[in-house]
Amino acid sequence: MQGLFDMANMTLHLPEESLLQPAWDYIQRHHETSVRSPLFPVFLSVSTYILLVAAYTTLDLLAPSWPWLNRYRLHQDRHIAWASICKTLGLTTYNHLVFIFPAAVAQWLWRPPIPLPQKAPTLTEFLTGVLACTVIFDFQYYFWHMLHHRVGWLYRTFHAVHHQYNEPFSLVTQYLSGWELFSVGFWTTANPVILQCHCLTTWAFMVFNVWVSTEDHCGYDFPWAMHNIVPFGLWGGVPKHDAHHQRPGTNFAPFFSHWDWLGGTAYDPSSILSFKDKNKNKET
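Residues numbered from 1 in each chain as written. Predicted model: local features only at pLDDT ≥ 70, side-chain atom pairs only at ≥ 80, totals over all residues. Heavy atoms only, no water.

Focus: the pattern of salt bridges
A complete count under the given rule lists 1 salt bridge for this structure. With a shortest N-O distance of 3.6 Å, R78 and E167 are connected by a salt bridge. One end of the pair, R78, is in the loop between α4 (67-70) and α5 (82-110); the other, E167, is in the loop between α7 (152-159) and α8 (178-194), and 89 residues separate them in sequence. Assessed through its relative accessible area of 47%, R78 is described here as partly exposed. Overall, the relative accessible area of 19% leaves E167 in the buried class. (Salt bridge = Lys/Arg side-chain N within 4 Å of Asp/Glu carboxyl O. Helix = DSSP H or I, 4+ residues; strand = E, 2+ residues; numbered from the N terminus. Buried < 20%, exposed > 50% of the residue type's maximum accessible area, 1.4 Å probe, protein only.)

Below, the structure written as structure tokens:
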């Protein structure tokens, strides 16, 4: 205990370097060949997306008959139709087969296996790395997104397909043009390289990016959603991105709120909800 707690300065010293090292040693001992493959980051991202979409789509199909679940949906009177599921799933499958799979095979053929460092990142390095990659991605996508809304040709050619649904659900996350999918994938891959992140940090950022992107489109306001966990309204989350699909000139940032505040593009989704509530009261 004396090594962990400094009585003189009343501070707690956590053995940071040992926290992730056992897990990293296990990965290197039992899965080194797999994780060194250039295909592993692609497999990790795609499998994470498939699992999340499968879970949210199951909730979408159950919500109409489960009132306790439906009450968490932003649009409780609008249910997800099979036709919408099939349409979005079709384009997602097409994008993966035509764009992601060939790019993954090209990496596998031409890129050598990734060398693995012996030491795991400290917990501080791990968390700050994921945060830094997320902040930079948020900055990049905010301006990319705003540009593709402000320039008519860019919007019509590349981004309009994503806005065919003004009440998004999880499969809309990757209901994208090939150019947009490439842009998002490029930044997700490049940012950890630019910041020289440990590969464990890189993989965690990729999983986190897919998770919060899918959550933003899921249409559910769960208590454990990121916008309900991060304080002071710093995280836009599900309500603000849902509002973006209804008011496309607002809320361009994918995750945080500060760029929309600074750029004058922030929109409070509570006004949409209050408007709908007033209309319901008039009808009743």
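Focus: the nonpolar core
Judged by nonpolar contacts, the single largest core of 14 residues is most densely connected at F137, F208, V212, W235 and F255. Looking at this core, the elements that each hand over two or more residues are α6 (123-150) and α9 (199-218). Sort the elements by how many residues they give to this core and α6 lands first, with 5 residues. (Core = buried A, V, L, I, M, F, W, Y, C linked by side-chain atoms within 4.5 Å.)

Some words on the packing of aromatic side chains
Within the structure shown, the criterion is met by 29 aromatic pairs. Note on Y141 and W144: the rings are 5.6 Å apart at their centroids and 20 degrees apart in plane angle, and the pair reads as stacked. Highlighted residues: Y141 and W144, both in helix α6, separated by 3 residues, approximately one helical turn. Grouping residues by exposure puts Y141 and W144 together as buried. Aromatic pair Y142 and F143: ring centres 5.1 Å apart, planes at 85 degrees, arrangement edge-to-face. (Phe/Tyr/Trp six-rings, centres within 6.5 Å; stacked < 30°, edge-to-face > 60°.)

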